[in-house]
Amino acid sequence: MPYPTDLKYTKDHEWIRISGDIAEIGITDFAQDQLGDVVFVELPEPGRTIKAGESFGSIESVKAVSELFAPMSGEVVEVNPSLKDHPEVVNSKPHETWMVKVRVSDPKEAGSLLDSAQYDGITRA
Amino acid sequence: MTDTAATSLRTTPLHARHRASGARMVPYAGWEMPVEYSGITDEHMAVRTRAGVFDVSHMGEIEIAGKGALEAVQRISSNDASALKVGQAQYAGLLTPDGTFIDDMLVYRMASSHFMLVVNAANAAKDYAWISEQVKLASDAAVVDSSSRYALIAIQGPAARDVLQQLTAVDLSDIRYYWFSYGEVANARVTISRTGYTGEDGYEIFVPPNMADRVWQGLIQAGRGDVIPCGLGARDTLRLEAAMRLYGNDIDESTTALEAGLGWTIGWKKGDFIGRERLLEQKERGITRALVGFEVLERGIARQGYIVTSGGGEVGKVTSGTQTPFLKKAVGMAYVPVSLSAPGTQVDIDIRGRATRAQVVPFPFYSRSRSGPGPLIPAPGE
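Residues numbered from 1 in each chain as written. Chains lettered and ligands numbered in written order. Predicted model: local features only at pLDDT ≥ 70, side-chain atom pairs only at ≥ 80, totals over all residues.

S.K.: Honestly, the interface of chain A and chain B in this entry has me stumped. Any pointers?
M.R.: One frequently used descriptor of interface size is the decrease in accessible area upon assembly of the parts. In this complex, chain A contributes 8 residues to the contact, which on the side of chain B involves 12 residues. Here the side of chain A that touches chain B is composed, by residue class, of 4 nonpolar, 1 polar and 3 charged. (Contact = placed C-beta atoms within 7 Å. Nonpolar A, V, L, I, M, F, W, Y, C, P; charged D, E, K, R; others polar.)

S.K.: Even after reading the chapter, I still don't get the sheet that holds strand E6 (residues 55-61) of chain A, so can you show me in this structure?
M.R.: Paired through backbone hydrogen bonds, the strands of a sheet run either parallel or antiparallel to each other. Residues and elements named next belong to chain A. Read from one edge of the open sheet, 3 strands run E4-E6-E7, paired in antiparallel fashion. This sheet does not close on itself; its edge strands, each paired only once, are strand E4 (38-42) and strand E7 (65-69). Strand after strand, the sheet turns through a mean of 20° between neighbouring axes, direction not considered. (Pairing = 2+ DSSP bridges. Helix = DSSP H or I, 4+ residues; strand = E, 2+ residues; numbered from the N terminus. Axes fitted to C-alpha atoms, helices over the stretch in contact; angles between N-to-C directions.)

S.K.: Whenever I open this one, the sheet that holds strand E3 (residues 22-27) of chain A confuses me. Can you help?
M.R.: Residue and element names in this part refer to chain A. Pairing in this open sheet of 6 strands is antiparallel, and the strands run E1-E2-E3-E9-E8-E5 from one edge to the other. For this open sheet the edge positions go to strand E1 (8-9) and strand E5 (49-50), each flanked by a neighbour on one side alone. Across 6 bridges, the pairing between strand E2 (residues 14-19) and E3 is antiparallel. Across the sheet, isoleucine 16 pairs through a bridge with isoleucine 25, a residue of E3.

S.K.: How should helix H4 (residues 69-76) of chain B be read in this particular structure?
M.R.: For an α-helix, 3.6 residues make a turn, and residues three or four places apart therefore share a direction. For H4(B), the tally of buried residues reaches 6 of 8 residues, placing the bulk of the element in the interior. Those residues of H4(B) that are buried are in contact with strand E4 (60-65), strand E5 (89-95), strand E6 (101-111), strand E7 (114-119) and helix H5 (124-138) of chain B. (Buried ≥ 20, exposed ≤ 12 C-beta atoms within 10 Å, placed from the backbone.)

S.K.: Would you mind showing me how to read the environment of Pro4(A) here?
M.R.: Residues and elements named next belong to chain A. Tracing the chain through its elements places proline 4 in the segment before E1. Residue class for proline 4 comes out partly exposed when judged on the 14 C-beta atoms lying within 10 Å of it. Contacts of proline 4, omitting those with residues within four sequence positions, involve His95 and Ser116.

S.K.: When you look at the pairing of E6(B) in this model, what are you seeing that I'm missing?
M.R.: A regular strand carries its side chains on alternate faces of the sheet. Residue and element names in this part refer to chain B. In terms of residue burial, E6 counts as a mostly covered element, since 9 of its 11 residues are buried. Joining the antiparallel neighbours E5 and E6 is a turn of 5 residues, in which glycine 99 adopts a positive phi near 80°. The sheet contact formed by E6 and E7 spans 6 bridges and is antiparallel. Pairing of alanine 111 across the sheet is with histidine 114, part of E7. The hairpin formed by E6 and E7 contains 2 residues between the paired strands.

S.K.: What am I meant to see in the domain arrangement of chain B here?
M.R.: Residue and element names in this part refer to chain B. Its domain assignment divides chain B into domain 1 (3-57 + 150-241), domain 2 (60-145) and domain 3 (263-361). Every contact between the two is made by 10 residues of domain 1 and, on the other side, 9 residues of domain 2. Of the residues assigned to the side of domain 1 that touches domain 2, the class counts are 6 nonpolar, 4 polar and no charged. (Domains from an automatic or database assignment.)

S.K.: When you look at unusual backbone geometry in this model, what are you seeing that I'm missing?
M.R.: The general pattern is negative phi for most residues beyond glycine and trans for most peptide bonds. For the bond running from Phe363(B) to Pro364(B), omega is -10°, close enough to zero to count as cis. Phi is positive for His13(A), close to 70°, though the residue is something other than glycine. Among the secondary structure elements, His13(A) is positioned in the loop between E1 and E2. Residue Arg352(B) is not a glycine yet carries a positive backbone phi of 45°. Mapped onto the elements of the fold, Arg352(B) is located in the loop between strand E18 (346-351) and strand E19 (354-361).

S.K.: Sorry, what's going on with the pairing of strand E1 (residues 24-28) of chain B here?
M.R.: Residue and element names in this part refer to chain B. Bridge count for E1 against strand E2 (residues 31-36) is 5 bridges, and the pairing is antiparallel. Bridged to methionine 25 within E2 is proline 34. Hairpin remark: E1 followed by E2, antiparallel, with 2 residues in the connecting loop; positive phi at alanine 29, about 50°.

S.K.: Just to check I follow, could you spell out the nonpolar core for this structure?
M.R.: Grouped burial of nonpolar side chains is what soluble globular proteins tend to show. Counting 138 residues, the largest nonpolar core has Val53(B), Val107(B), Ile153(B), Ile155(B), Val207(B), Val215(B) and Leu219(B) as its most contacted members. With sequence-adjacent residues up to four places away left out, Val207(B) is seen in contact with Tyr150(B), Ala151(B), Ile153(B), Ala188(B), Val190(B), Ala212(B) and Val215(B). (Core = buried A, V, L, I, M, F, W, Y, C linked by C-beta atoms within 7 Å.)

Structure below.
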């Protein structure tokens with residue numbers, strides 16, 4: 001699957017879609033493929049502040065649990081409600097399934113994110 | 001994984017097939033094995049509702065033959081091998097003098113004085129060394145590691161018999177559960193054993209290595225979409241749902257057969273065997289901890305190594321745990337004090353810092369309907 005060019009990425013295999021001061025965060029196709037069947041996604045409540053580089057939730061597959069690291073700092077404004085009952089969409093539509101929407105507090109943090117070509121390079125390393 | 005590690009891994013005769021079929025390969029017990037093909041959930045469900053095939057060629061085979069073979073097996077195995085007819089198999093422990101597990105195994109009686117032990121890949125070398133030493137000391141029998149003579153292919157699930165029957169002239173309805181027979185499958189000379197590690201009906205087929213791909217492909221083609229290749233990931237979730245113990249997780253050299261709830265594999269009446277004395281002591285004194293099944297009552301998956309607590313204090317550890325694809329529940333096994341081992345007892349499991357409620361439930365979590373293929377009735381309360 002090609003990595004969409006309108007998204008930014010992290011080396012922790014998350015993607016970020018920035019529009020204005022809102023960043024949607026999800027995990028990449030590479031990440032979901034490595035995890036296998038996702039069964040739980042644990043996310044913060046709206047209103048919580050998250051900090052770039054720190055864990056803000058976890059994602060469990062049948063075989064393992066992985067932490068989700070915040071790619072940017074800000075306040076969680078929305079949590080994807082469909083993930084509670086249908087976590088498997090993370091596997092079937094990884095790049096369309098955002099987990100949280102964050103109102104970013106420091107737009108400059110976006111400068112350290114990867115573009116699709118850079119991220120693609122990481123997955124092949 | 002470094003290149004050195006990769007090159008030192010052993011591969012089964014089906015390795016090229018797994019690679020070509022897009023399986024995800026991982027190092028396991030010194031072997032490079034497929035962990036999943038289409039996904040653990042998909043493979044798990046296929047085995048519960050149709051059928052799946054597994055490459056378990058990494059398992060070890062150790063043969064014991066000669067005048068003193070029965071005597072030798074009786075000494076090293078926890079179970080009573082004299083109860084086996086030729087053509088029959090039984091589950092048993094390979095125990096230390098302390099009654100703990102060197103390994104668990106299936107004991108096949110090939111002929112009256114010829115046995116084959118099927119052991120775990122990770123333990124095969126250790127088992128062979130131990131068995132050779134014990135047999136050399138006590139019995140007139142030869143011990144041979146014949147692992148490289150066999151590829152081992154399992155077909156498991158309600159459709160397993162119908163699919164396998166298409167490839168063999170052996171009447172499979174004649175092979176009872178935990179018995180085996182010989183014949184041809186896809187024109188390869190094989191041993192067909194009605195055994196498995198999934199909680200479903202099915203067969204394990206011992207195949208000459210050069211015929212493995214032929215049998216594997218034959219089974220998948222005969223299945224016409226009802227049989228899919230499965231990896232070790234689904235094998236693990238399937239065996240856990242069926243409450244079958246996994247060596248290295250649920251049993252090892254620190255746990256006894258009684259603590260593991262495997263008292264039924266102990267042939268008390270057969271006379272002396274390695275570990276008997278200590279097990280008898282433990283039986284008379286009573287065990288202090290027991291392996292139990294649990295179900296997580298809140299959201300979360302309790303995994304291997306997580307701490308079990310009661311009243312805020314640590315009381316045990318999870319030995320295996322997952323979210324099972326068929327029952328769709330987080331279940332697992334743990335050693336807990338006997339006082340907390342009764343079904344219905346509630347404990348907490350520390351899931352990454354959060355005390356999560358769990359309840360002791362009886363084994364197994366899943367048991368197939370005994371009437372054979374047909375509607376599957378999960379019996380979580382059984």
